[in-house]
Every structure is written in structure tokens, then in C-alpha cells.
Amino acid sequence: QVQLVESGGGSVQAGGSLRLSCAASGRTFSTNAMGWFRQAPGEEREFVAVISWSGDMTYYEDSVKGRFTISRNNAKNTLYLQMNNLKPEDTALYYCAADLAFGRIAAQAYEYDYWGPGTQVTVSS
């Protein structure tokens, strides 16, 4: 059974940091791009960041550029999202996702095949 499980969410004050992890099991995603998305209450799920299978290509949503860093450890089958200088508008449920399409770097949620259940991030002002 393939699973993605996020961890590392929590409540922080504005300006604080959190590091999210996404552990994959049931298959390896070492040859697949993986991404982070988030969804705030009443909002659409939105793209946050994506990383290529090798880790040499990354893309970010404009509002998180310079504050968030996506990375991966293929040996551990784990994806990360380091979030610094957090803002109240970053409050959301954060999801990791895996894209099975070879070579694609995608920013649309519908292009991803596997999803974790999400981890809550709450940033207070």
C-alpha cells in the first residue's frame, strides 16, 4: 500500500520557522517529482513548491520564494519543506504529493497521483 505521511506541522508566531517532512512508503519516488500544496479554510488547494526527482530543479509559488525551501532525500524516500519567516497568511493544511509522470515538473494539483492526508500549520500574528 502506497502512503505519503506528512509531519512537522504546528502553531508558531509570525516570523517563526517550521520544517515539514513527508515520508513515503510502499514504493520509491526517487524517479518522480514531488511537491507541496496547501489549502486554507474556504480556499482552493494551491501550489507551494515542487522538486525534480534528482533535486536539481525547484520551483516556488511567488509568495513563498526566499522563505521556503523544498528538498528531498531519496535514500530515505522523504520530502521536506523548510519554512522560515512564517506569516499569518501561510496558515493552512499542507499536503505533500507525488507525480508519476516521468520528467514532469508540475504545479497543478490534478497532475499529482499520490497525496498525504496533510499537516496543519497555524501562524499567529
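For the structure, check the block above.
Note that this is a predicted model, so its numbers are computed, not measured. (Residues numbered from 1 in each chain as written. Predicted model: local features only at pLDDT ≥ 70, side-chain atom pairs only at ≥ 80, totals over all residues. Heavy atoms only, no water.)

> Whenever I open this one, the side chain of S52 confuses me. Can you help?
Mapping S52 onto the fold places it in the loop between β5 (46–51) and β6 (58–60). Ignoring sequence-local partners within four residues, the contact set of S52 consists of A33, M57, R72 and I105. (Helix = DSSP H or I, 4+ residues; strand = E, 2+ residues; numbered from the N terminus. Contact = heavy atoms within 4.5 Å.)

> Explain unusual backbone geometry here, please?
Even without a glycine there, the phi angle at N77 is positive, about 55°. You can see N77 is positioned in the loop between β7 (68–73) and β8 (78–83). The exposure class assigned to N77 is buried, which follows from its relative accessible area of 15%. Within the chain, N85 stands out as a residue other than glycine whose phi angle is a positive 50°. Looking at where N85 falls in the secondary structure, it is placed in the loop between β8 and β9 (92–98). (Buried < 20%, exposed > 50% of the residue type's maximum accessible area, 1.4 Å probe, protein only.)

> Would you take a moment to explain the sheet that holds strand β3 (residues 18–25) for this structure?
Working definition: the strands of a sheet are paired by backbone hydrogen bonds and lie parallel or antiparallel to each other. Pairing within the open sheet is antiparallel, and its four strands lie in the order β1-β3-β8-β7. Strand pairing shows two members of the sheet lacking a second neighbour, β1 (3–7) and β7, which therefore form its edges. Each adjacent strand pair in this sheet contributes to an overall mean axis angle of 15°, direction not counted. In the sheet, β3 pairs with β8 via six bridges, with the strands oriented antiparallel. Following the sheet pairing, C22 is matched in β8 by L79. (Pairing = 2+ DSSP bridges. Axes fitted to C-alpha atoms, helices over the stretch in contact; angles between N-to-C directions.)

> Can you walk me through the packing of aromatic side chains in this structure?
How two aromatic rings sit relative to each other is set out by the distance from centre to centre and by the angle between their planes. The full count for this structure, using the stated rule, is six aromatic pairs. Above the plane of the ring of Y80 lies R19, whose end atom (NZ or CZ) is 4.0 Å from the centre. Residue placement shows R45 over the ring face of Y95; its charged tip is 3.8 Å from the ring centre. (Phe/Tyr/Trp six-rings, centres within 6.5 Å; stacked < 30°, edge-to-face > 60°. Lys NZ or Arg CZ within 6 Å of the ring centre and 35° of its normal.)

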